[in-house]
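The lines below spell out each chain.
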Amino acid sequence: MLHWGYEEDNGPSRWKEIFPIANGDRQSPIDIQTQQTKYDPALRPLYPNYDPTSAKVILNNGHSTSVEFDDTENKSVLRGGPLTGSYRLRQVHFHWGPSDDLGSEHAVDGTKFAGELHVVHWNADKYSTFVEAARQPDGLAVLAVFLKLGECNSQLKTITDHLDTIKVKGKQRRFTNFDPSCLLPHSLDYWTYLGSLTVPPLLESVIWIVLREPINVCSEQLAKFRNLLCTGEGEAAFCLLKNFRPPQPLRGREVRRN
Ligand code: B30
Ligand code: ZN
């Protein structure tokens, strides 16, 4: 495997060859079996508090598209839920599939959605850099939002309208005055469990917070994500048609709900 990706020869089933933690005890995503989740009255509401000026760039990293934020100060943070203290916003990115009927990483009672949004935060109260936090069991908090096929999402348009300007891997554009809470559903009710990054190096450092209410996305918007290339300038062009890892074994973990 030359470099990991989502093709037959370098996709999720091959990642364990280079990243043995792929078979670890707290891997993500998972299939959330709603009847097995445990209501926890101690779980607090979520308090996202984002400053739109901390958004910096939108980029194509070859395995997704992300909006990156200035995380040198506590300007944009997530508090509450299962979290102790505040977790600082680092980036927002997306997962999608080859057709409109699948593309999410997490599943709910076996059902997949058209896509999934990840809002990635790190524990700057305890750790000094994102990279250091990503190696700690309580280092990262990722807020996941399902993208459900339906009407076009006007908030998502801000992002999808930029995708043709960052078509090739490695391209980026300035992107500011963006508050990712505009992409959140009305209800911030959630499920939470301890897991991992869903892409190599698959580090087991993520407190997952999966929102129960999805947001809408239309077929035309999903098509714009699939039009991104996983290849760089000058290389033979290859579209990033899918970038989801399938659900992994729960291995006795508890999934709690608020
Ligand atoms: S996820 O939410 O578990 N899918 C990273 C953060 C969260 C997830 C996956 C990866 C991450 O920060 N990885 C290292 C930095 N990457 C950015 C990226 O999104 O994945 C840098 C890069 O190569 O350009 Cu990969
Ligand atoms: Zn992700």
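Rules used in this analysis
- Residues numbered from 1 in each chain as written.
- Chains lettered and ligands numbered in written order.
- Predicted model: local features only at pLDDT ≥ 70, side-chain atom pairs only at ≥ 80, totals over all residues.
- Heavy atoms only, no water.
- UniProt positions renumbered as here; feature names shortened; annotations may be inferred.
- Helix = DSSP H or I, 4+ residues; strand = E, 2+ residues; numbered from the N terminus.
- Rg over C-alpha atoms; globule rule 2.2 N^0.38 Å.
- Buried < 20%, exposed > 50% of the residue type's maximum accessible area, 1.4 Å probe, protein only.
- Contact = heavy atoms within 4.5 Å.
- Lys, Arg positive; Asp, Glu negative; His and termini not counted.
- Charge placed at Lys NZ, Arg CZ, Asp CG, Glu CD.
- Near = heavy atom within 4 Å.
- Nonpolar A, V, L, I, M, F, W, Y, C, P; charged D, E, K, R; others polar.
- Phe/Tyr/Trp six-rings, centres within 6.5 Å; stacked < 30°, edge-to-face > 60°.
- Donors = N, O, S within 2.8 Å, 3.2 Å for Na, K, Ca; no water.
- Pairing = 2+ DSSP bridges.
- Tetrahedral: all angles 85-135°; square planar, octahedral: opposite > 155°, others 65-115°.

- Named according to an unreviewed UniProt entry, the chain is Carbonic anhydrase originating from Pogona vitticeps.
- Per its UniProt entry, the chain bears the Sequence similarities (unreviewed entry) comment "Belongs to the alpha-carbonic anhydrase family."
- Taken verbatim from the UniProt record of the chain, the Catalytic activity (unreviewed entry) comment is "hydrogencarbonate + H(+) = CO2 + H2O".

1. What about the overall build of the chain?
Step number 1: Within the chain, the secondary structure is distributed over 3 helices and 15 strands.
Step number 2: Here the C-alpha atoms of the chain give a radius of gyration of 17 Å, agreeing with the 18 Å that 2.2 N^0.38 yields for 258 residues.
Step number 3: Principal axes of the C-alpha set define a box for the chain whose edges measure 50 × 40 × 40 Å.
Step number 4: Within the span of the chain, comprising 258 residues, buried residues form 50% of the whole.
Step number 5: Sequence separation of 24 or more characterises 71% of the internal contacts of the chain that already satisfy a separation of 6 or more.
Step number 6: Measuring between centres, the 29 positive side-chain charges of the chain sit 2 Å from its 31 negative side-chain charges.

2. Some words on the site of ligand 1
Step number 1: Residues in contact with ligand 1 amount to 13 residues; listed here are only the nearest, His 63, Gln 91, His 93, Phe 130 and Thr 198.
Step number 2: Contributing elements (two or more residues each) for the shell around ligand 1: β7 (87-96) and β9 (115-122).
Step number 3: The greatest single-element share of the shell around ligand 1, amounting to 3 residues, is contributed by β7.
Step number 4: A per-class count over the shell around ligand 1 returns 6 nonpolar, 7 polar and no charged.

3. Points about the packing of aromatic side chains
Step number 1: Summed over all chains, the structure comprises 7 aromatic pairs.
Step number 2: Measuring from centroid to centroid gives 5.5 Å for Trp 4 and Trp 15, while their planes differ by 80°, and the two rings are edge-to-face. Taken as a pair, Trp 4 in the segment before β1 (31-32) and Trp 15 in the segment before β1 lie far apart in primary sequence, 11 residues in all. Across the pair, Trp 15 and Trp 4 agree in class, each one buried.
Step number 3: The structure contains a cluster of three or more aromatic residues connected by ring pairs, namely Trp 4, Tyr 6 and Trp 15.

4. Some remarks on the coordination of the zinc ion (ligand 2)
Step number 1: Taken together, His 93 (NE2), His 95 (NE2) and His 118 (ND1) make up the full set of protein donors to the zinc ion (ligand 2), lying 2.0 Å away.
Step number 2: In the primary sequence, the donor residues of the zinc ion (ligand 2) line up as H-x1-H-x22-H. In this pair, His 93 sits in strand β7 while His 118 sits in strand β9, placing the two residues 25 residues apart along the sequence.
Step number 3: Classification of His 93 by relative accessible area gives buried; the value is 12%.
Step number 4: The exposure class assigned to His 118 is buried, which follows from its relative accessible area of 1%.

5. Quick look at the pairing of strand β5 (residues 65-69)
Step number 1: A large share of β5 lies buried, amounting to 4 of its 5 residues.
Step number 2: Examined bridge by bridge, strand β4 (residues 55-60) and β5 share 5 bridges and lie antiparallel to one another. When the bridges of β5 are listed, Leu 59 appears paired with Ser 66.
Step number 3: Counting the residues in the hairpin turn of β4 and β5 gives 4 residues, including Gly 62, whose phi is positive at 90°.
Step number 4: Where β5 and β7 come together, 3 bridges link them in antiparallel fashion. When the bridges of β7 are listed, Ser 66 appears paired with His 93.

6. Structural notes on the coordination of the copper atom of ligand 1
Step number 1: Of all protein atoms, just one serves as a donor to the copper atom of ligand 1, and that atom is His 63 (NE2), at 2.3 Å.
Step number 2: Geometry at the copper atom of ligand 1 is irregular, judged from the 4 donor atoms that bind it and their angles of 72 to 145° at the metal.
Step number 3: Mapping His 63 onto the fold places it in the loop between β4 and β5.

7. Looking at the pairing of β9
Step number 1: The buried fraction of β9 is high, at 8 of 8 residues.
Step number 2: Of the two faces of β9, the one carrying Gly 115, Leu 117, Val 119 and His 121 and the one carrying Glu 116, His 118, Val 120 and Trp 122 are both buried.
Step number 3: Of the strand pairs in this sheet, β7 and β9 are connected by 8 bridges, and their pairing is antiparallel. If you follow Val 92 over to β9, its bridge partner there is Val 119.

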